[in-house]
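# Commentary on secondary and tertiary structure
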Amino acid sequence: MVWIIDNLVTMVEHFTTAATTDPLSAIGILFGALFVTAAAGAFGVLAVGGLISPLVPDSATTQQRR
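Values in this document were obtained by computation on a predicted structure and should not be read as measured data. (Residues numbered from 1 in each chain as written. Predicted model: local features only at pLDDT ≥ 70, side-chain atom pairs only at ≥ 80, totals over all residues. Heavy atoms only, no water.)

### Observations concerning the overall build of the protein chain
For clarity, the threshold we go by: Each helix corresponds to a stretch of at least 4 residues labelled H or I by DSSP, and each strand to a stretch of at least 2 residues labelled E; elements are numbered beginning at the N terminus. Burial classification: accessible surface area is computed with a 1.4 Å probe over protein chains only, and a residue below 20% of its type maximum counts as buried, one above 50% as exposed, and the rest as partly exposed. Computed by Shrake-Rupley with a 1.4 Å probe, the accessible areas treat only the displayed protein chains as cover when residues are assessed.
Broken down by element type, the protein chain carries 2 helices and 0 strands. Of all 66 residues assigned to the protein chain, the portion counted as buried reaches 0%. As presented, the protein chain carries roughly 6200 Å² of accessible surface, and 72% of it is formed by carbon and sulfur atoms.

Structure below.
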């Protein structure tokens, strides 16, 4: 457990050093974080939808004709 915390602290130090070196590096890190967050969020939404889909009855998603 200590190694995980130490690795996280080291990772933050490396990213901070890279982001403060050059403005383009900071923009690159920002866009990289944005893309990773968007991909993880989309996967999370799809995963939750796939888990909830079997629990919702079919009549709740189909429209009835009048």
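### A closer look at the packing of helix H1 (residues 2–21) against helix H2 (residues 23–52)
The condition is simple: An axis is simply a line fitted to the C-alpha atoms; with a helix, the fit covers only the stretch in contact. Between two such axes, the angle follows the N-to-C directions and lies from 0 to 180 degrees. An angle below 35 degrees is read as roughly parallel, one above 145 as roughly antiparallel, one from 65 to 115 as roughly perpendicular, and any other as oblique. By the convention used here, residues are in contact when the closest approach between their heavy atoms is within 4.5 Å. Ten residues, namely Ala, Val, Leu, Ile, Met, Phe, Trp, Tyr, Cys and Pro, are considered nonpolar, four, namely Asp, Glu, Lys and Arg, are considered charged, and the remaining ones, Gly among them, are considered polar.
At a closest axis distance of 5 Å, the pairing of H1 and H2 adopts a crossing angle of 130 degrees. In terms of axis orientation, H1 runs oblique to H2. Taken together, the residues of H2 that come into contact with H1 (itself represented by Phe15, Ala18 and Ala19) are Ser25, Ala26 and Ile29. Of the residues contributing to the contact of H1 with H2, the split by class is 5 nonpolar, 1 polar and no charged.

### Some remarks on a nonpolar patch on the surface
Using the following cut-off: The patches reported here contain residues having more than 30% relative accessible area and no salt bridge. Joining distances are 9 Å for like charges and 5 Å for nonpolar side chains (Val, Leu, Ile, Met, Phe, Trp, Tyr). For this analysis, a salt bridge means a side-chain nitrogen from Lys or Arg found within 4 Å of a carboxyl oxygen belonging to Asp or Glu.
Taken together, Ile4, Leu8, Met11, Val12 and Phe15 make up a surface patch of nonpolar side chains, about 480 Å² in accessible area. If you trace the backbone, phenylalanine 15 turns up in helix H1.

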